[in-house]
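Structural overview
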Amino acid sequence: MNEHKRNLMEEYTGRDPRVITTCPFCGLPIERPTEQILRRPMEMPVGSCSCGAVYAYDATGHNLGTAFSEALVFACNMDWDLAWNLLPEDDYLEELVEHYDIESNYIIPVGAYEGRRVSGALYFIRMHNDIQEVTRQGVQKKLDRTRSATVTHPPSARTGIRKNIDKREIEALVNSYQLEPLLDIAEHDKRIIRYLQRMLYTGDELLRLKTTDALGQVCAVIAQYEPGTVSRLLQRLFTSISDAGYGASNWGAIDAIGKIIAASPDIFGGYVPTLFQFLEEEDDKLRPTVLRALGVIARARPDLINKSYSYFIKFIEMDEPLTRGYAIWLIGHLASSKTPRHGTSEVRMKLPDVTGDHRQIRIYAHSVLEEKSISQLATKALEKLGDTN
């Protein structure tokens, strides 16, 4: 039991089941967390203490990984790159406060209050002073724009009347690319994730890519009511890659990661830097798949790919056709955004060198694998770059 929790239990006398909610770092009372008026409608309510600590509210007490991520990124003024490059203890401190009731803004040590179960938690992050000097003003501005939170209980009603999931039915729906029934199941039953994850190991490339497509869209539905489940899936997929390299055990894992992030970029965009870490590994078989996943993300949200065009030139220069082809395909999606990006002139000079490469790679889109030559991809990317100032 940490010191803050011990103090709470000592305060509780048994007469009044409520204990004032205070910051675990400075001991001052805190305000009720509020929902942010941002692009992420399902983000967790957050707040800050006068000492600079930031906290995120998890209604269930079971999605603490998501609450940690939410608090960390918000404490960094929504700077994902900064957040995932910080280290605990060296850059920030963290504390968990359990049995929090957002309706009363009290801690309820006994776990129940006014006839309702209290299982909420507040995840606190306090940046060290040098980082707070950079981020605190922006964090406060965001909090000043908040509206009062109207938080309901977690959507346990979604479990409702469950329809039994038949794995053969799931496979048939994926194979025929009937996604609506899969999304209907996802509305009520998150177990569908397990069935789709098992299908990632198929040796049928088209079925595997259809599965990653379905998994991304299913996860987008589930993330609306239980983002922690999807976060844990992403962590398992990343672990499978780290543990086995490009072995059969992680077939489809990288593509699935790309589809999940692309389908819910505002929630899971913070995982993109981890994909870039795999891109830097000396693995000729891993590299093109990572580039393909990044291309999928770039097609949905090019702003999440924060590298310059110059960064990708080394992959264009590689003779391996999949690496070269998917790097060019990715650049084409970045250029589609028409947003200025460093290295435009360098990549414009490099792409003509490969317009004579007629080797083909397969591009997946909407249940179809289509052959494209590297020459075609380079020509199209150059056309898009020509429209970019």
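Our structure's up above, just so we're on the same page.
Keep in mind the model is a prediction, meaning the values are calculated, not measured.

About the cut-offs
- Residues numbered from 1 in each chain as written.
- Predicted model: local features only at pLDDT ≥ 70, side-chain atom pairs only at ≥ 80, totals over all residues.
- Heavy atoms only, no water.
- Salt bridge = Lys/Arg side-chain N within 4 Å of Asp/Glu carboxyl O.
- Helix = DSSP H or I, 4+ residues; strand = E, 2+ residues; numbered from the N terminus.
- Buried < 20%, exposed > 50% of the residue type's maximum accessible area, 1.4 Å probe, protein only.
- Axes fitted to C-alpha atoms, helices over the stretch in contact; angles between N-to-C directions.
- Parallel < 35°, antiparallel > 145°, perpendicular 65-115°, else oblique.
- Left-handed = near helix turned anticlockwise from the far one by under 90°.
- Contact = heavy atoms within 4.5 Å.
- Nonpolar A, V, L, I, M, F, W, Y, C, P; charged D, E, K, R; others polar.
- Core = buried A, V, L, I, M, F, W, Y, C linked by side-chain atoms within 4.5 Å.
- Phe/Tyr/Trp six-rings, centres within 6.5 Å; stacked < 30°, edge-to-face > 60°.

1. Some thoughts on the pattern of salt bridges
- For the coordinates displayed, the defined rule picks out 18 salt bridges.
- Residue Arg359 pairs with Asp319 through a salt bridge whose shortest N-O separation is 3.3 Å. Taken as a pair, Arg359 in the loop between helix H16 (344–350) and strand S9 (360–365) and Asp319 in the loop between helix H14 (309–316) and helix H15 (321–336) lie far apart in primary sequence, 40 residues in all.
- Looking at Arg359, the relative accessible area reads 29%, which means it is partly exposed.
- Here Asp319 falls in the exposed class, since its relative accessible area comes to 52%.
- Of the charged contacts in the structure, one is a salt bridge between Asp353 and Lys350, with a shortest N-O distance of 3.6 Å.

2. Here we look at the packing of H14 against H15
- Relative to each other, H14 and H15 sit at 155°, their axes nearing to 8 Å. Overall, the two elements H14 and H15 adopt an arrangement that is roughly antiparallel. Considering only the axes of H14 and H15, their crossing is left-handed. Touching Tyr309, Phe312, Phe315 and Ile316 of H14 are Thr323, Arg324, Ala327, Ile328, Leu330, Ile331, Leu334 and Ala335, all from H15.
- When its residues are assigned to classes, the contact of H14 with H15 shows 10 nonpolar, one polar and one charged.

3. Comments concerning the nonpolar core
- One finds Ile170, Ile192, Leu275 and Phe312 to be the most contacted residues of the largest nonpolar core, which totals 78 residues.
- The residues contacting Leu275, other than those within four sequence positions of it, are Phe238, Ile254, Ile257, Ile261, Val290, Ala293, Leu294 and Ile297.
- Residues Ala67, Val73, Ala75 and Cys76 belong to the second largest nonpolar core, which totals 22 residues.

4. Focus on the packing of helix H12 (residues 272–279) against helix H13 (residues 286–300)
- Running from N to C, H12 and H13 point in directions that differ by 155°, and their axes come no closer than 9 Å. Judged by the angle between their axes, H12 and H13 are roughly antiparallel. H13 is crossed by H12, and the crossing has left-handed handedness. Residues Val272, Leu275, Phe276, Phe278 and Leu279 of H12 form the contact with H13, whose participating residues are Leu286, Arg287, Val290, Leu291, Ala293, Leu294 and Ile297.
- Of the residues assigned to the contact of H12 with H13, the class counts are 11 nonpolar, no polar and one charged.

5. A look at the packing of aromatic side chains
- Evaluated as defined, the whole model comprises 14 aromatic pairs.
- With a centroid separation of 6.4 Å and an interplanar angle of 45°, the aromatic rings of Phe68 and Tyr92 are classed as tilted. On the criterion of sequence distance, the pair formed by Phe68 in helix H2 (residues 64–75) and Tyr92 in strand S4 (residues 92–101) is long-range, its members being 24 residues apart.
- Judged by centre distance (6.2 Å) and plane angle (70°), the rings of Tyr326 and Trp329 are edge-to-face. Remark: Trp329 and Tyr326 occur in helix H15; sequence separation between them is three residues, near one turn of the helix. We note that Tyr326, like Trp329, is buried.

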